[in-house]
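Fold and contact review
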Amino acid sequence: MIKEDKSKDEILSITGCNVAVRNANLTIREGEIYVIMGLSGSGKSTLLRCINRLITPTEGKIFVDHEEITKMNNKELLNIRRKEFAMVFQHFGLLPHRSIISNVAFGLELQGISKEEREKKALEIIELVDLKGYENQKVSELSGGMQQRVGLARGLANNPEVLLMDEAFSALDPLIRAQMQDELLLLQEKMKKTIVFITHDLEEAIKLGDKIAIMKDGEIVQIGTPEEIITNPANDYVEAFVENVDRSKITTASSIMFPKPKVARLTKDGPSITLKIMRDSGTNILPVVRTNRTFLGFIHLKDVIDLKNNGINSIESAIKESVMCVSPDSVIQDMLPLLSKTNHIIPVVNESNHLVGVVSPTSLIAETTGKNKGEINNIIQKAIDL
Amino acid sequence: MILGEYIEEAINWLTENFSGVFDAINSFMSGLIGGIEMFWMKTPFYIVIALFTGIAYWKAGKSNAIITLLGLSYIYAAGFWDETMQTLSLVLASAIIALAIGIPLGIWSAKNHTVNKISRPILDFMQTMPAFVYLIPAVLFFGLGTVPGAFATIIFAMPPVVRLTTLGILQVPKDIVEATTAFGATPKQLLFKVQIPLAMPTILAGVNQTIMMALSMVVIASMIGAKGLGEIVLQGISQLRIGLGFESGLAVVLLAIILDRITQNIGKK
């Protein structure tokens, strides 16, 4: 019936069976965090469970490293679950009657690894997730956040190729959750695992995901990088999600900066030329760069005039060093605090300290408030008039 | 009426055709009960009292140890020691067999929906049928004596442990079972490393219930010649000696309290 292209509701009314997942085609590359996002009932958890065949799909194929999971017999399945996959659960799924260390070593225990060896391995992982000293405690003695660290540690102890995380942080309170997300990203930098992460929270998806697939009613409605999803939602459904996202956590400096700004070049441009550039572009401040666009600092109109009046030929002495540089990947949320320290443009430099653009305070505020720049300028003008 | 005739036919057919089987069961059970009885009877009473008091102290705390000490001392002083040991042996033998059948059966019905569906009405039947009724086929199969008493006791006492084992295993949180499976556990590993340990408190509650029910049944079983405290109670009834009936009844109550306190706490710690 799925092949006849009947809708989910139609199939439900005819057969009484709910279609959990359909037409889900995705390619997950090694070493990336692939987020599958959707509301409850969208089939995201079912899809995840198809990957390690906790649920066997009625149709379709799943490959891991060219091995077809969907064709495996019980023994092969057992083996791949032990060696290739590890799973982290929303409600942790830890064994309450066991200590932390034996929970972490559980996957290894199932593989029949000796107690000594598995506990040694478990201790390493416990240290990695910052739970050292708790190894002999019972699970129930730990807070939710710590329990999920144990869940994560249990997953990592197997040294799996693929980590399946099913709403792993959804049951944690917001602060702990953000902390766990950061730690996961840190760990991922070291480990380079392939992670499939399920969430219902778009902000989490954007923060963690290299790629995001958005699901609705069992179907995938859009696949893309976080930036693609935000800037180019595939349909109304995705757009409705994106609207509620705190843009200040996603919009990067590179997307709001003014690229290739007018600059004064040290050694090439003397005070007179600098003055002319300022006059032409109608500004009283210019970034100063070397000829290879290495960023040096800012120069102010009144200092240039002083230089000129004193007959000095180089602008070097008037450069005001600016420590407040941001990188193209900085998000608005990180740039906002700089506004309290400067009312000038903020330089955007890349990793080799080359100036790639500038962000004006006006556009920064415009992005966060959603007002256009004209309105902002009016507000600022009024404030000055007062 | 007709149903009754069929049942009679069936029982007769069983006794005629399977007498060999029943004889084998008979000798096995009388051996088991005899062995246990031998142990309790040969051991001097003060050592038995010390043993029980010690176990009670270890598992159930000081106050229960005192109850045990006083209770067993009363039983000895009242002159029911041998009968009490006979009753205890019958309870233990019946409970061991009931648990040996009941726990695996409970696990099986937790794992298999069909088994669960079939076993449920049978358990209902076993539990609600008036206990005296079991005495009749028991006598037909095994004659009079202690073994038919044990047989009736096993049937009567088994249901709680089956039910509670099933319940305990089904109550293991789904996400823990799923997590265990996701890490590549075989069904056997799942059962022994996760399901049984997590179900243990419930299973032990079932063990406790089974022992209690076995104790209540062994008194009734005296009607078909099972030895022990039940005999004295019966004697009290038939001879209308209220004092004897009360004294021996109290011994049963004390034995029940002691067994209950100890088995209730056996899982803790």
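Conventions we followed
- Residues numbered from 1 in each chain as written.
- Chains lettered and ligands numbered in written order.
- Predicted model: local features only at pLDDT ≥ 70, side-chain atom pairs only at ≥ 80, totals over all residues.
- Heavy atoms only, no water.
- Helix = DSSP H or I, 4+ residues; strand = E, 2+ residues; numbered from the N terminus.
- Rg over C-alpha atoms; globule rule 2.2 N^0.38 Å.
- Buried < 20%, exposed > 50% of the residue type's maximum accessible area, 1.4 Å probe, protein only.
- Contact = heavy atoms within 4.5 Å.
- Areas by Shrake-Rupley, 256 points an atom, 1.4 Å probe, with all protein chains shown as cover.
- Pairing = 2+ DSSP bridges.
- Right-handed = clockwise from strand over helix to strand, strands pointing away.
- UniProt positions renumbered as here; feature names shortened; annotations may be inferred.
- 1 Å grid on protein atoms, 1.4 Å probe; cavity = no way out; pocket = protein on both sides within 12 Å on 5 of 7 lines; lining within 4 Å.
- Points joined across faces, edges and corners; volume = space filled by probe spheres on them.
- Nonpolar A, V, L, I, M, F, W, Y, C, P; charged D, E, K, R; others polar.
- Polar contact = N/O pair within 3.5 Å; in protein donor to acceptor, adjacent residues only side chain to side chain.
- Expected span 1.5 Å × (residues − 1).
- Arc of directions from axis to C-beta.
- Buried area = accessible area lost by both parts, 1.4 Å probe.
- Salt bridge = Lys/Arg side-chain N within 4 Å of Asp/Glu carboxyl O.
- Axes fitted to C-alpha atoms, helices over the stretch in contact; angles between N-to-C directions.
- Left-handed = near helix turned anticlockwise from the far one by under 90°.
- pLDDT = per-residue confidence, 0-100.
- Parallel < 35°, antiparallel > 145°, perpendicular 65-115°, else oblique.

Looking at the overall build of chain A
- Helix and strand counts for chain A come out as 17 helices and 14 strands.
- The globule rule puts the C-alpha radius of gyration for 386 residues at 21 Å, and the 27 Å found for chain A is more than 25% above it.
- Overall, chain A is about 85 × 55 × 45 Å in size when its C-alpha atoms are taken along their principal axes.
- For chain A, the proportion of its 386 residues judged to be buried stands at 47%.
- Residue pairs in contact within chain A that sit at least 24 positions apart in sequence constitute 60% of those at least 6 positions apart.
- Just so you have it, chain A exposes about 20000 Å², and 48% of that area is on carbon and sulfur atoms.

Description of the pairing of strand S6 (residues 194-199) of chain A
All names here are of chain A.
- The element S6 is largely enclosed, with a buried count of 6 among its 6 residues.
- Both faces of S6 are covered, namely the face carrying Thr 194, Val 196 and Ile 198 and the face carrying Ile 195, Phe 197 and Thr 199.
- Where strand S1 (residues 33-37) lies against S6, 5 bridges are found, and the strand directions are parallel. Within S6, the position partnered with Met 37 by the bridge is Thr 199.
- Pairing of strand S5 (residues 162-166) with S6 involves 5 bridges; the strand directions are parallel. Bridge pairing links Leu 164 to Val 196 in S6.
- Taken together, S5, helix H8 (residues 174-191) and S6 constitute a β-α-β crossover, and its handedness is right-handed.

Quick word on the UniProt feature "domain: ABC transmembrane type-1" (unreviewed entry) in chain B
- Per the UniProt record, "domain: ABC transmembrane type-1" (unreviewed entry) is found at residues 84-263 of chain B.
- Between the first and last C-alpha atoms of residues 84-263 of chain B the distance is 18 Å; the span itself is 85% helix and 0% strand.

Observations regarding the sheet that holds strand S9 (residues 258-259) of chain A
Residue and element names in this part refer to chain A.
- Here we have 3 strands laid out as an open sheet, ordered S9-S14-S13, and antiparallel in their pairing. Looking along the sheet, the strands with just one partner apiece sit at the ends: S9 and strand S13 (346-349).
- Pairing geometry for S13 and strand S14 (residues 355-359), over 4 bridges, is antiparallel. What sits directly across from Pro 347, in S14, is Val 358.

Observations concerning the layout of surface pockets
Residue and element names in this part refer to chain B.
- In this structure, the second largest pocket spans a volume of roughly 640 Å³.
- Mapped by element, the contributors of at least two residues to the lining of the second largest pocket are helix H1 (2-17), helix H2 (19-42), helix H5 (81-111), helix H6 (113-128), helix H7 (135-142) and helix H8 (146-170).
- Ranked by residue count, the leading element in the lining of the second largest pocket is H1, at 5 residues.
- Class assignment for the residues of the lining of the second largest pocket results in 20 nonpolar, 2 polar and 1 charged.

Focus: the environment of His200(A)
Residues and elements named next belong to chain A.
- Mapped onto the elements, His 200 comes out in the loop between S6 and helix H9 (202-208).
- Using a relative accessible area of 34% as the deciding quantity, one classes His 200 as partly exposed.
- Put simply, His 200 and Gly 41 are 159 residues apart on the chain and 10 Å apart in space, counted from C-alpha to C-alpha.
- If we skip the residues at most four places from it in the chain, His 200 touches Met 37, Gly 38, Lys 44, Glu 167 and Ser 170.
- Of note is the side chain of His 200, whose polar atom sits 2.8 Å from the side chain of Glu 167.

Focus on H8(A)
Residues and elements named next belong to chain A.
- For H8, spanning 18 residues, the distance from its first C-alpha to its last is 25 Å, which sits close to the expected 26 Å at 1.5 Å a residue.
- Buried within H8 we find Arg 177, Met 180, Gln 181, Leu 184, Leu 187 and Gln 188. Down the axis, H8 shows its buried residues gathered within 130° of arc, on one side only. Every exposed residue of H8 that faces more than 90 degrees away from the buried side is listed here: Leu 175, Leu 186, Glu 189 and Lys 190.

Quick word on the pairing of S14(A)
Residue and element names in this part refer to chain A.
- The element S14 is extensively covered by neighbouring structure, given that 4 of its 5 residues are classed as buried.
- Relative to S14, S9 runs antiparallel, the two being bridged by 2 bridges. Across the sheet, Pro 259 pairs through a bridge with Gly 357, a residue of S14.

Observations concerning the interface of chain B and chain A
- With 16 residues of chain B at the contact, the number on the chain A side is 23 residues.
- Together chain B and chain A conceal approximately 1700 Å² of surface at their shared face, both sides included; 66% is due to carbon and sulfur atoms.
- Where chain B meets chain A, there are 2 salt bridges.
- A salt bridge links Glu178(B) to Arg49(A), with the shortest nitrogen-to-oxygen separation between them at 2.4 Å.
- Seen at the junction of chain B and chain A, the total is 6 residue pairs in polar contact (both at pLDDT 80 or more).
- Sorting elements by how many residues they give to the side of chain B that touches chain A places helix H9 (residues 174-182) of chain B first, with 7 residues.
- Tallied by class, the residues present in the side of chain B that touches chain A amount to 8 nonpolar, 5 polar and 3 charged.

Let's talk about the packing of H5(B) against helix H10 (residues 187-221) of chain B
Residue and element names in this part refer to chain B.
- Between H5 and H10, the least distance of the axes is 8 Å, while the angle of their chain directions is 145°. Once H5 is placed against H10, the crossing between them reads as right-handed. Packed against H5, whose contacting residues are Thr 87, Leu 90, Val 91, Ala 95, Ala 98, Leu 99, Ile 103, Ile 107 and Lys 111, the element H10 presents Pro 187, Leu 190, Leu 191, Gln 195, Ile 196, Ile 203, Val 207, Thr 210, Ile 211, Ala 214, Leu 215 and Val 218 at the interface.
- Taken together, the residues of the contact of H5 with H10 break down into 17 nonpolar, 3 polar and 1 charged.

Thoughts on the sheet that holds S1(A)
Residues and elements named next belong to chain A.
- With mixed pairing, 6 strands are arranged side by side in an open sheet as S4-S5-S6-S1-S7-S8. Each edge of the open sheet carries a strand with a single partner, namely strand S4 (85-88) and strand S8 (219-224). Each neighbouring strand pair of the sheet contributes to a mean axis angle of 20°, computed without reference to strand direction.
- Helix H11 (residues 236-243) contacts S1, strand S7 (211-216) and S8 of the sheet and is inclined by roughly 115° relative to S7.

So, the confidence of the model for chain B
Residues and elements named next belong to chain B.
- Scored by pLDDT, chain B has a mean of 89; 99% of the residues are at 70 or more.
- Model confidence for chain B, summarised as mean pLDDT per element, is weakest for H1 at 84 and strongest for H5 at 93.
- Interface confidence for the predicted complex, expressed as ipTM, amounts to 0.73; the pTM equals 0.73.

Some thoughts on the packing of H8(B) against H10(B)
Residue and element names in this part refer to chain B.
- Where H8 contacts H10, the axes come no closer than 7 Å and their chain directions differ by 155°. Accordingly, the angle class assigned to the pair H8 and H10 is roughly antiparallel. At the point where H8 passes H10, the crossing takes the right-handed sense.
- By residue class, the composition of the contact of H8 with H10 is 19 nonpolar, 10 polar and no charged.

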